[in-house]
Amino acid sequence: MASKAAASTVPSDVAASATAAAAAATAAAAAAKPKRVRTGCLTCRERHLKCDEGVPDCQNCKKSNRECKRGVRLNFIDTTIKTPPITPPIEEWDVVFQDESREIASEYRGGLSRYTALGSDTDVIPKEEPPFDFSDTMIQAPVLAHQQLPSQQPFPQAAMDGYPASIQIQDAGQDPHQRHNSVNSDSTFSSHTIGANSVSSYTNAKQTLTPPSETRDTLTDPEELLFMQVFVEEVGIWMDSMDPYKHFSRLLPFDSLGEPMLLNAFLACGARHLILVNPAYHEDKALHYYDVATRILLRQLQNPYRDTVICATTAVILNVYELMCERALQRMNHIAGARALIKECGWNAQSTGVGAACFWLNVGMELLSCLRFNWQLAWNPDDWGLDIDFSRPTGPGREEIWTYRVMWILAKVANFQASTTARPSDPQQDPMRMQSRYEEWKRLKDWCDAWDSSIPRTMQPLGRLHSYQQRSKSLFPEVWLIKRATVVARIFYHTAFILLSQTNPLASVSQQEMQEMQEMRTINARETCGIVAHVKDRGVASVALRSIHHAGECLIARNEQEEVLTIVTKIHKETGWRIQFVIDDLIKKWGWNDQNNFEQQPQMSTMMAQQSSMVQQNYAPQFQQQAQGISTSLPPAPPIKAMPKAGVVNPMLAKADFSQPIHPYQSYYVAPNHHPAQQNQFGHF
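Residues numbered from 1 in each chain as written. Predicted model: local features only at pLDDT ≥ 70, side-chain atom pairs only at ≥ 80, totals over all residues. Heavy atoms only, no water.

Going by the annotation in an unreviewed UniProt entry, the name recorded for the chain is Zn(2)-C6 fungal-type domain-containing protein, with Lepraria finkii given as the source organism.

Enquirer: Tell me what's going on with the overall build of the chain, and back it up with residues and numbers.
Expert: Assigned secondary structure in the chain consists of 22 helices and four strands. The buried share of the chain, taken over its 685 residues, is 51%. Within the chain, contacts between residues separated by at least 24 positions form 78% of all contacts whose residues are at least 6 apart in sequence. For the chain, the exposed area adds up to about 33,000 Å²; of that, 52% sits on carbon and sulfur atoms. (Helix = DSSP H or I, 4+ residues; strand = E, 2+ residues; numbered from the N terminus. Buried < 20%, exposed > 50% of the residue type's maximum accessible area, 1.4 Å probe, protein only. Contact = heavy atoms within 4.5 Å. Areas by Shrake-Rupley, 256 points an atom, 1.4 Å probe, with all protein chains shown as cover.)

Enquirer: Residue-level account of the packing of helix H6 (residues 222-239) against helix H10 (residues 308-324), with values.
Expert: It is at 12 Å that the axes of H6 and H10 come closest, and there the two elements cross at 110°. One way to sum up the angle between H6 and H10 is to call them roughly perpendicular. Residues Val235, Trp238 and Met239 of H6 touch H10, and the partners they reach there are Ile317, Val320 and Met324. (Axes fitted to C-alpha atoms, helices over the stretch in contact; angles between N-to-C directions. Parallel < 35°, antiparallel > 145°, perpendicular 65-115°, else oblique.)

Enquirer: Describe the pattern of salt bridges, naming the residues involved and giving the relevant values.
Expert: Tallying each qualifying case throughout the model produces 21 salt bridges. For Glu223, the salt bridge identified is with Lys285, shortest N-O distance 3.4 Å. Pair noted here: Glu223 is in helix H6 and Lys285 is in helix H9 (residues 284-300), with a separation of 62 residues, a long-range link. The exposure class of Glu223 is buried, given its relative accessible area of 9%. A salt bridge links Asp452 to Arg490; the shortest N-O distance between them is 3.2 Å. Linking Asp452 in helix H14 (residues 431-454) with Arg490 in helix H15 (residues 484-503), this pair joins segments that are 38 residues apart in sequence. Using a relative accessible area of 28% as the deciding quantity, one classes Asp452 as partly exposed. (Salt bridge = Lys/Arg side-chain N within 4 Å of Asp/Glu carboxyl O.)

Enquirer: Quick rundown of the confidence of the model for the chain? Include the residues and the values.
Expert: On average, residues of the chain carry a pLDDT of 75, and 65% of them reach 70 or more. Every residue in residues 1-11 is under pLDDT 50, and counting partners more than four places away or in other chains gives zero contacts. A low-confidence stretch, residues 595-642 (pLDDT under 50), is modelled with 73 contacts involving residues beyond four sequence positions or located in other chains. (pLDDT = per-residue confidence, 0-100.)

Enquirer: So what's going on with the packing of aromatic side chains? Residues and values would help.
Expert: The way to describe two aromatic rings as a pair is by their centre distance and the angle between their planes. The full count for this structure, using the stated rule, is 17 aromatic pairs. Note on Trp360 and Trp384: the rings are 5.8 Å apart at their centroids and 90° apart in plane angle, and the pair reads as edge-to-face. Of this pair, Trp360 sits in helix H12 (residues 353-373) while Trp384 sits in the loop between H12 and helix H13 (399-422), placing them 24 residues apart in sequence. The class for Trp360 is buried, based on a relative accessible area of 3%. (Phe/Tyr/Trp six-rings, centres within 6.5 Å; stacked < 30°, edge-to-face > 60°.)

Enquirer: Can you lay out the environment of Tyr115 for me, pointing to particular residues and giving the numbers?
Expert: Inspection of the secondary structure puts Tyr115 in the loop between helix H4 (101-105) and strand E1 (143-144). In sequence terms Tyr115 and Arg102 are 13 residues apart; their C-alpha atoms lie 7.6 Å from each other.

Enquirer: Quick one: what's the story with the packing of H6 against helix H8 (residues 260-277), residue by residue and with numbers?
Expert: Angle between the axes and distance between the axes: these two values describe a pair of packed helices. Following both chains from N to C, one finds H6 and H8 inclined at 75°, their axes separated by 7 Å at the closest point. Between H6 and H8, the interaxial angle falls into the category roughly perpendicular. Across the interface between the two elements, Glu224, Leu226, Phe227, Met228, Val230, Phe231, Glu234 and Val235 from H6 touch Leu263, Phe266, Leu267, Cys269, Gly270, Ala271, His273 and Leu274 from H8. Split by residue class, the contact of H6 with H8 holds twelve nonpolar, two polar and two charged. (Nonpolar A, V, L, I, M, F, W, Y, C, P; charged D, E, K, R; others polar.)

Enquirer: With reference to specific residues and values, describe the UniProt feature "domain: Zn(2)-C6 fungal-type" (unreviewed entry) in the chain.
Expert: Here the UniProt-annotated "domain: Zn(2)-C6 fungal-type" (unreviewed entry) positions come out as residues 40-70. The straight-line gap between the two end C-alpha atoms of residues 40-70 is 8 Å; of that span, 39% is helix and 0% is strand. (UniProt positions renumbered as here; feature names shortened; annotations may be inferred.)

Enquirer: Quick rundown of helix H7 (residues 247-255)? Include the residues and the values.
Expert: For H7, the buried fraction is high: seven of the nine residues fall into the buried class. Of the residues making up H7, those classed as buried are His247, Phe248, Ser249, Leu251, Leu252, Pro253 and Asp255. At its buried positions, H7 is contacted by H6, H8, H10 and H12.

Enquirer: Any details on a nonpolar patch on the surface? Residues and values, ideally.
Expert: Residues Leu462, Trp480 and Ile482 make up a contiguous nonpolar surface patch of about 360 Å² in total accessible area. You can see Trp480 is positioned in strand E4 (residues 478-480). (Patch = residues over 30% accessible without salt bridge, like charges linked within 9 Å, V, L, I, M, F, W, Y side chains within 5 Å.)

Enquirer: So what about the nonpolar core? Which residues, and what values?
Expert: Membership of the largest hydrophobic core comes to 153 residues, with the highest contact counts inside it found for Phe248, Trp360, Trp384 and Trp451. In terms of residue count, H12 provides more of this core than any other element does, 14 residues in total. Not counting residues within four places of it along the chain, the set of residues in contact with Phe248 comprises Phe231, Gly236, Met239, Asp240, Pro253, Phe266, Thr313, Val316, Ile317, Ala357, Cys358 and Leu361. Counting six residues, the second largest nonpolar core, distinct from the first, contains Cys44, Cys51, Cys58 and Cys61. (Core = buried A, V, L, I, M, F, W, Y, C linked by side-chain atoms within 4.5 Å.)

Enquirer: Give me the lowdown on unusual backbone geometry, citing residues and values where you can.
Expert: A cis amide bond, omega 5°, links Val55 with the succeeding residue Pro56. Here Pro56 lies in the loop between helix H2 (42-47) and helix H3 (59-64). Residue Lys246 is not a glycine yet carries a positive backbone phi of 55°. With respect to the secondary-structure elements, Lys246 resides in the loop between H6 and H7. Taking the relative accessible area as the measure of exposure, Lys246 reaches 13% and is therefore buried. Residues other than glycine seldom take positive phi values, yet Asn374 does so here, at roughly 60°. Inspection of the secondary structure puts Asn374 in the loop between H12 and H13. Judged by relative accessible area, Asn374 falls into the buried class, the value being 16%.

Enquirer: Please set out the state of the cysteines residue by residue, giving values where relevant.
Expert: Going through the model one piece at a time under the given rule, you end up with zero disulfides. Its sulfur unpaired, Cys58 is 3.5 Å from the next cysteine sulfur, which belongs to Cys61. Of all cysteine sulfurs, the one in Cys345 lies closest to Cys311, which takes part in no disulfide; the gap is 8.3 Å. Note on Cys311: relative accessible area 1%, which makes it buried. (Disulfide = S-S within 2.5 Å.)

Enquirer: Any chance you could break down the environment of Leu318 for me, citing the residues and the numbers?
Expert: With respect to the helices and strands, Leu318 occurs in helix H10. For the pair Leu318 and Ala293, spaced 25 residues apart in sequence, the C-alpha to C-alpha distance is 8.1 Å. Among residues more than four places away in sequence, those in contact with Leu318 are Ala265, Tyr290, Ala293, Thr294, Leu297 and His334.

Here you go:
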């Protein structure tokens, strides 16, 4: 029995050993088998080779001299379109079926072409997307001399008075424009906006990626029509203050009928203006259109075959929306993004068409901001590419080129003033530097004098009345300038002289120089106030507000100071822009006490109430009852933080370039596959 038992155990031991050996062999084979490469190039995948995942080119592609293609390749297998099953109606639910396969496929080369034409009976109902979180898109503030700005932190309230902030995006319910296709349109702007040379080599490739967007003939929704009218009549006019072709108020609104991203940006600005001038309107509509436009823009920035012109133009408009917002600044989502997209398109002072309109609006807004905070411009005026040859004739009807030139001079003067603040000169310790600064100051003043003596007759005043000749009883002279660009140019000209009178290096050591600068300051301040007090064109309000702020600080007479406050209040009535920071700065500069400040408030409040009543009568009172029942839950204003010191380069735009390692739209931006500078060649129209 024992021998039988021993014999029976031998086979079981042998079997166990064999099983263990087989398992070990399987494990060794699995370990020896190469792992599947997950991030290899598409070229090696097509050749069925193992890729070493080297960047920018792997070793296989280097050896075979092949293009190392990168990306994600998807196979669209099931492209059958089926009708959704019939669902019995339920009173409590609103059931719809959504098919996003076309939208996803359109973002890949050849993906959409696998689907059959979409009929009206199989229309896709897009879903309501959650709002984007911009926390990853913001450019971090640069490290400044003696001052480090916290990254991803809001700017202080005091830093952006008058340049109100963007706010957290709120989802405001169903959007009437969500049936627009959210991917890039097959066409850019219409032929009257972009010249005939705008057709580029990437058009055919882009058509295979993107379906045509819905194009309207007219706006038929009453609410959309109201907001577009407000934009054209109230917002677009000052955006076009230096544009001879009035792109934003006359041309682009027609192009927006075929571009949902552009249309929603316009509607957001129109709705935002109504909020500023009429308290009966609430923020939900403006936020909603802003959210939709931003969402489409961020999606387009991920498409390498996008239309960079439409993206840049939309970002500029959304930047204007953010400047119009009246909440404390939390983040400026598009201020750096618009600048980066403008540079990506290669737009500068030599551009024409919509590129010129966006460039001059963008640098103009930066100039006004730098004048407010005494910063240097991030875009150096010497890099604008502007022709400053004053001897070259321009002919009638070309007043805008002289507006650009005096704006260039004012930008140089602003940088000079900011650099003086950053490093004040001590005449006793640094006489050579003071002499160098004076030579630079004299060169800037000579440019101003040369500009004034070279401008055409159409840019000079057509009439002038002294204060005792006027029916308006104004204390300032009435200067009659006809064209809007001429008014803006003349305001820039006098503002430049006001700044020069405050930065003459010799004024601190020469009594005669000090008296001459005082006289220069007073004359140009009264001229600025006279122009702004009598101008009836609302399109110059944004420029007038900043200039009269500088001019008002130079006035000494109490009655003239009081009239300046009246002029500022008038600008508020016409635009809705916040003016309290201007009033506070002026009162502090003039040395008025708190009682004087208190006496001004009832009059201002009464005028604001009258303006609100007027707007309620003019703009669609049928929407007021709807607006009154809506409330928003915006986050509270952030605490006031330390201001960046005066004299630094504009910290909001110092890094606004996609070539920087930290740039705007960080988590969304994909470089275009075509050269932006060759995409559109603008022409006059």
